[in-house]
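Here is what each chain is made of, one letter per residue.
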Amino acid sequence: MSSVAPVDLPTEDGKDAYQDAAGAGTQASRVKRRLTSRTATIAALIIAVLWTIPTFGLFISSFRPAELIDTTGWWTIFQNPGFTLDNYREVLLSPSRSSPQLGAYFVNSLAIAIPATIFPLVFASMAAYAFAWMKFRFSNWLFILIFALQIVPIQMALVPLLQTFSIWLKPGMEWLHDVVPIIPAQNYLPLWIAHTIFALPLTIFLLHNFISEIPGEVIEAARVDGASHSQIFLRVVLPLATPAIASVAIFQFLWVWNDLLVALIFSGGTQDVAPLTQRLAEMIGTRGQDWQRLTAGAFVSLVVPLIVFFSLQRFFVRGLLAGSTKG
């Protein structure tokens, strides 16, 4: 009689792995069932409608004459009809110096938002990997400190940061302009640094939660193959963390694109650096008399965020569901 166990009988390890896989599958099915239930669908539709109504009202108002905007609401469009393209013509094609076109400010916002999104993502992803898979002294305390920085209001850091920029960064920028004249003395560097500093605590925390959930067997297999930390980060972690990085990128880009406070303080208010939000704040006029131009300009400013969101939507959904199941 042979003492060899049949090959089709699972061992204890195989049984545990099978149970873990079955449990993960059951949990995934449960999460999927909750997200696709009738109640969740109805709630999502209600939220979508409530969220869309103000945007729809903004769109209608952007085509209405100034006298109708001042005297009636957009919801009375059928009782008080009236449409015009003058609002968009003034915003996009105005030759007046008192009401400049949005083109230059549009480029400024892109030049601010794109690097201010890339820089914190690069630094935060490396820091998140270090906190998740590189054990060093006081790593837990340092991560708690970074997480605690989220409770510090931005307004408290604006004045000290502006003083630091005035003492150290501004003289360096002027010196660089004297050495290389093609580099303007007034540039986007303070805005990039400020947005990166303010974004790092939350970005590190979010990416750490995702990267730490990567199965340890994958990291160990790469180490056994002789991969260094940089190779593991570039070839293993980054491809797996793409959904989370894309999700954080959407929020960071939208936050920078819609920011006005940081832009007002660190841009200097000049036309060659000021973003689109600053121009929108000026469009309404000194007495709020040009509200119709603000509606058209605001709707124009929505174009880029919508393009970014719909381009990364599939990554955004995957990033939201990542971590809901383990395994």
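From a predicted model like this one, the values you see are computed outputs, not experimental measurements.

Enquirer: Please explain the overall build of the protein as it appears in this structure.
Expert: Helix and strand counts for the protein stand at 16 helices and 0 strands. Residue pairs at least 24 apart in sequence account for 71% of intrachain contacts in the protein once pairs closer than 6 positions are excluded.

Enquirer: Please explain the packing of aromatic side chains as it appears in this structure.
Expert: Here the distance between the centres and the angle between the planes together describe a pair of aromatic rings. Here the structure, examined in full by the defined rule, presents 15 aromatic pairs. Measuring from ring centre to ring centre gives 6.0 Å for Phe119 and Trp192, while their planes differ by 80°; the resulting arrangement is edge-to-face. Remark: Trp192 occurs in helix H8 (residues 189-211) and Phe119 occurs in helix H5 (residues 103-133); sequence separation between them is 73 residues. With a centroid separation of 6.0 Å and 40° between ring planes, the pair formed by Phe131 and Phe136 is classed as tilted. Judged by relative accessible area, Phe131 falls into the buried class, the value being 11%. Accessibility expressed as a relative area gives 35% for Phe136, which makes it partly exposed.

Enquirer: Any chance you could explain the packing of H5 against H8 here in plain terms?
Expert: The angle between the axes and the distance between the axes are what describe a pair of packed helices. It is the contact of H5 with H8, at a shortest axis distance of 7 Å, that shows an interaxial angle of 40°. Considered as vectors, H5 and H8 are oriented oblique to each other. The hand of the H5/H8 crossing is right-handed. Taken together, the residues of the contact of H5 with H8 break down into 22 nonpolar, 5 polar and no charged.

Enquirer: Help me understand the nonpolar core, please; the structure alone is not making it clear to me.
Expert: Across soluble globular proteins, nonpolar side chains show a tendency to be buried alongside one another. Counting residues in each nonpolar core, the largest one holds 30 residues, and the members touching the most others are Ala194, Val262 and Phe266. Tallying contributions element by element places helix H7 (residues 154-179) first for this core, with 5 residues. Setting aside residues up to four positions removed in sequence, Ala194 forms contacts with Leu161, Phe165, Val262 and Phe266.

Enquirer: Explain a nonpolar patch on the surface to me, please; I cannot follow it from the model alone.
Expert: A cluster of nonpolar side chains, contributed by Ile114, Ile118, Phe119, Val122, Phe123 and Met126, occupies part of the molecular surface with about 510 Å² of accessible area. Accessibility expressed as a relative area gives 33% for Phe119, which makes it partly exposed.

Enquirer: Quick question: what am I supposed to make of the pattern of salt bridges here?
Expert: A side chain with one charge can pair with a side chain of the opposite charge if their charged atoms come near. Within this structure, the stated rule accounts for 2 salt bridges. With its nearest N and O atoms 2.3 Å apart, the salt bridge here joins Arg89 to Asp86. Placement of the pair is Arg89 and Asp86 together in helix H4 (residues 86-93), with a separation of 3 residues, close to one helical turn. By relative accessible area, Arg89 is classed as partly exposed at 42%. Between Glu220 and Arg223 there is a salt bridge, with its nearest N and O atoms 3.1 Å apart.

Enquirer: Help me understand helix H15 (residues 303-311), please; the structure alone is not making it clear to me.
Expert: Turn by turn, an α-helix covers 3.6 residues, leaving residues three or four places apart pointing in a common direction. By the burial criterion, the buried members of H15 are Val304, Pro305 and Val308. The buried side chains of H15 occupy one side of the element, clustering within an arc of 100° when seen end-on. H15 presents Ile307 and Phe310 as exposed residues on the side facing more than 90 degrees away from its buried surface. Where the residues of H15 are buried, they touch H5, helix H11 (242-257) and helix H14 (291-301).

Enquirer: I'm lost on helix H6 (residues 139-148) in this one. Help?
Expert: Among the residues making up H6, those that are buried are Ser139, Phe143 and Ile146. Buried residues of H6, seen end-on, are gathered within an arc of 60° and therefore sit on one face of the element. Looking at H6, the residues exposed on the side facing more than 90 degrees away from the buried face are Asn140 and Trp141. In this fold, the buried residues of H6 make contact with H5 and H8.

Conventions adopted
Residues numbered from 1 in each chain as written. Predicted model: local features only at pLDDT ≥ 70, side-chain atom pairs only at ≥ 80, totals over all residues. Heavy atoms only, no water. Helix = DSSP H or I, 4+ residues; strand = E, 2+ residues; numbered from the N terminus. Contact = heavy atoms within 4.5 Å. Phe/Tyr/Trp six-rings, centres within 6.5 Å; stacked < 30°, edge-to-face > 60°. Buried < 20%, exposed > 50% of the residue type's maximum accessible area, 1.4 Å probe, protein only. Axes fitted to C-alpha atoms, helices over the stretch in contact; angles between N-to-C directions. Parallel < 35°, antiparallel > 145°, perpendicular 65-115°, else oblique. Left-handed = near helix turned anticlockwise from the far one by under 90°. Nonpolar A, V, L, I, M, F, W, Y, C, P; charged D, E, K, R; others polar. Core = buried A, V, L, I, M, F, W, Y, C linked by side-chain atoms within 4.5 Å. Patch = residues over 30% accessible without salt bridge, like charges linked within 9 Å, V, L, I, M, F, W, Y side chains within 5 Å. Areas by Shrake-Rupley, 256 points an atom, 1.4 Å probe, with all protein chains shown as cover. Salt bridge = Lys/Arg side-chain N within 4 Å of Asp/Glu carboxyl O. Arc of directions from axis to C-beta.

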